[in-house]
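# Coordinate inspection notes
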Amino acid sequence: MAGEALVRQFLDHAERLAGARIPDLVAEDPARAASMALRVGPVYASFARQRIDAPTLATLGELAGHVRLSLALRALVDGAEVNASEGRPALHTALRSDLGRGEVAGRAHADALAARERMAGLVASLRESGVTDVVNIGIGGSDLGPRLVVDALKDFNDGRFRVHFVSNVDGSEVQHALRGLDPARTAAILVSKSFGTQETLLNGALVRDWLGGGERLYAVSANVPAAEAFGVDPARVLPMWDWVGGRYSLWSAVGFAIALAVGMDGFEALLAGAAGMDAHAVEAPLDANLPIRHALVAVWNRNALGLPTQAVLPYDQRLAHLPAYLQQLVMESLGKSVRSDGRAPGVATVPVVWGGAGTTAQHSFFQALHQGTDVVPADFIGVVRPAHGYRGNHDALLANLLAQAESLGNGHAADDPQKTYPGNRPSTLFLLDELTPHSLGALLAMYEHSVYAQSVLWGINAFDQWGVELGKRIAGELLPALRGEGEAGDVVTRALLEEIRARR
Ligand SMILES: O=P(O)(O)OC[C@H]1O[C@H](O)[C@H](O)[C@@H](O)[C@@H]1O
């Protein structure tokens with residue numbers, strides 16, 4: 001079908017479903033719970049509580065076909081220049097899969113294997129050393145992925161190292177991270193793709209001095225000369241490449257801290273889980289493809305239902321960092337209002353991603369999810385088998401997870417409007433059999449592919465982030481003014497500078 005006819009059909013479905021209610025959709029189709037669910041390895045996903053039906057999904061599938069989503073996924077893993085504004089491929093899949101065809105993907109995969117081999121050597125030598133604590137210094141993609149995974153996989157950590165994270169340029173974070181640590185028993189990893197990030201260089205210099213030199217300093221960077229000039233021994237610099245986006249990089253040596261926490265076996269299992277999802281994303285037909293389904297639902301919620309935000313609600317404390325990680329993955333990738341071809345997308349793009357771990361979050365912002373004026377679609381993530389023996393707690397956790405998805409979807413009528421729940425709040429519910437390196441790898445790769453698929457549907461580049469540059473430049477200009485050297489900033493900033501200077 002031609003593009004325009006498809007868009008018309010999309011709008012027709014939107015109009016038809018504008019008044020549709022999730023409980024009615026569920027009641028109308030007894031097979032819905034099964035037909036709206038997909039399983040890929042350890043990841044089960046139910047879309048039964050989305051405000052969508054089979055004919056709409058068929059149109060969305062046609063839309064996916066129209067934008068050649070399958071070919072686009074293939075182009076991604078084969079190393080096509082999907083990052084057009086920077087003239088680069090985005091080959092994060094080559095870090096964990098050998099799916100990519102052709103020379104570019106093949107070389108990337110070989111380079112990734114060689115780097116992993118070197119990383120394994122450094123992990124082994126550190127395990128044999130007297131080092132007890134490791135501080136990961138990085139920000140954005142050089143922090144959020146490792147931070148999430150190290151915390152999520154703490155049941156797979158043998159406790160050989162305590163791993164700490166420092167990202168913020170706020171000196172308070174580094175001060176508290178180092179408090180109580182022994183410099184003679186601490187190693188630091190400076191993780192920076194560019195090795196030009198202000199926060200990481202300032203914190204790195206502090207920690208280098210605190211360590212008393214570069215002996216236990218490690219670096220991961222695509223800018224090896226800069227890391228060496230900073231004082232890191234070349235033998236302790238692991239490579240990264242311009243073909244890996246920062247927010248897609250935890251599978252590279254950026255995951256050094258992960259490998260120290262869960263061992264190389266754990267790291268390899270994480271990669272294997274992601275590789276399984278890569279193969280599914282590229283090979284599964286459109287209508288049975290989990291990341292594509294997830295992406296189509298995201299676009300439906302944003303553009304047909306006009307929902308401006310998206311909640312991420314892991315019902316597992318170990319996944320408490322998942323909302324922050326997904327904020328970068330989704331919002332840096334899709335936070336664009338210009339298509340790759342320079343045109344306006346003509347529709348809303350990125351939603352605001354936010355969230356928190358259940359059940360804790362139920363006692364803070366869930367009131368607004370249930371009765372607020374904005375409808376917030378949610379991704380719930382639950383884990384069937386816990387890694388602890390407190391069965392009573394886990395049953396309560398799962399009961400709450402199921403109850404929240406049900407009550408948000410169905411609502412509740414009451415005579416008293418204060419006690420009425422409007423319901424019709426859409427959600428997707430993921431279940432992992434267990435939270436393991438393998439299942440976590442699969443889940444995170446699912447989100448990566450969904451984000452890429454959304455970018456293809458919207459025609460935007462998921463792999464650049466020009467929007468973060470302006471603030472960095474202005475901060476650079478304001479730095480001397482803050483020290484009293486010259487003037488910078490607009491009228492409001494100057495007044496604020498004056499206020500700060502007067503009270504220092
Ligand atoms: O790894 P680095 O080069 O230090 O970059 C760290 C982060 O900073 C940048 O501002 C980007 O917004 C992020 O995408 C990136 O992950």
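Every value quoted in this text rests on a predicted model; they were computed, and no experiment measured them. (Residues numbered from 1 in each chain as written. Predicted model: local features only at pLDDT ≥ 70, side-chain atom pairs only at ≥ 80, totals over all residues. Heavy atoms only, no water.)

Counting its secondary structure elements, the protein contains 18 helices and 11 strands. In terms of C-alpha radius of gyration, the protein reaches 24 Å, essentially the compact-globule figure of 23 Å for 504 residues. Counting across all 504 residues of the protein, residues that qualify as buried make up 52%. Once local pairs closer than 6 in sequence are excluded, the contacts in the protein between residues at least 24 apart make up 75%. Carbon together with sulfur atoms contributes 54% to the accessible area of the protein, which is approximately 21,400 Å² in total. Counting 44 positive and 55 negative side-chain charges, the protein places the centres of these two groups 2 Å from one another. (Helix = DSSP H or I, 4+ residues; strand = E, 2+ residues; numbered from the N terminus. Rg over C-alpha atoms; globule rule 2.2 N^0.38 Å. Buried < 20%, exposed > 50% of the residue type's maximum accessible area, 1.4 Å probe, protein only. Contact = heavy atoms within 4.5 Å. Areas by Shrake-Rupley, 256 points an atom, 1.4 Å probe, with all protein chains shown as cover. Lys, Arg positive; Asp, Glu negative; His and termini not counted. Charge placed at Lys NZ, Arg CZ, Asp CG, Glu CD.)

Once that is clear, we can look at empty space enclosed by the protein. The full count for this structure, using the stated rule, is three cavities of 30 Å³ or more. One number sums up the size of the largest cavity: a volume of about 220 Å³. Forming the walls of the largest cavity are 22 residues, and the residues nearest its centre are His294, Ala298, Gln310, Pro351 and Gln454. Only helix H12 (290-304), strand E8 (309-315), helix H13 (322-334) and helix H16 (437-458) provide two or more residues apiece to the lining of the largest cavity. Across the lining of the largest cavity, the residue classes break down as 12 nonpolar, eight polar and two charged. The computed volume of the second largest cavity comes to approximately 60 Å³. Looking at the second largest cavity, the residues that line it are Leu95, Ala112, Ala115, Arg116, Met119, Trp241, Trp251, Ser252, Ala253 and Phe267. No other element matches the four residues that helix H6 (residues 103-128) contributes to the lining of the second largest cavity. Tallied by class, the residues present in the lining of the second largest cavity amount to eight nonpolar, one polar and one charged. (1 Å grid on protein atoms, 1.4 Å probe; cavity = no way out; pocket = protein on both sides within 12 Å on 5 of 7 lines; lining within 4 Å. Points joined across faces, edges and corners; volume = space filled by probe spheres on them. Nonpolar A, V, L, I, M, F, W, Y, C, P; charged D, E, K, R; others polar.)

This part is about the UniProt feature "active site" (unreviewed entry) in the protein. Cross-referencing UniProt, the feature "active site" (unreviewed entry) maps to Glu332, His363 and Lys472 in the present numbering. Over a stretch of 141 residues, the named residues are scattered through the fold, their C-alpha atoms separated by up to 36.6 Å. Checked against the lining of the largest pocket, the annotated residues just named reduce to Glu332 and Lys472. Along the chain, the position of His363 falls in the loop between strand E9 (352-355) and helix H14 (366-371). Take Lys472: it is sitting in helix H17 (residues 469-482). (UniProt positions renumbered as here; feature names shortened; annotations may be inferred.)

Moving on to the site of the ligand. Near the ligand lie 14 residues; those nearest to it are Ser142, Ser192, Ser194, Thr197 and Glu332. One of the side-chain N or O atoms of Ser142 is found 2.7 Å from an oxygen atom in the ligand. Interatomic distance of 2.6 Å between a side-chain N/O atom of Ser194 and an oxygen atom of the ligand. Expressed as a share of its isolated accessible area of 390 Å², the protein-covered part of the ligand is 87%. Comparing atom positions with the cavity grids shows the ligand to sit within the largest pocket. Classifying every residue of the shell around the ligand by side-chain character gives two nonpolar, eight polar and four charged. (Near = heavy atom within 4 Å. Polar contact = N/O pair within 3.5 Å; in protein donor to acceptor, adjacent residues only side chain to side chain. Sits in = over half its atoms within 2 Å of the grid points.)

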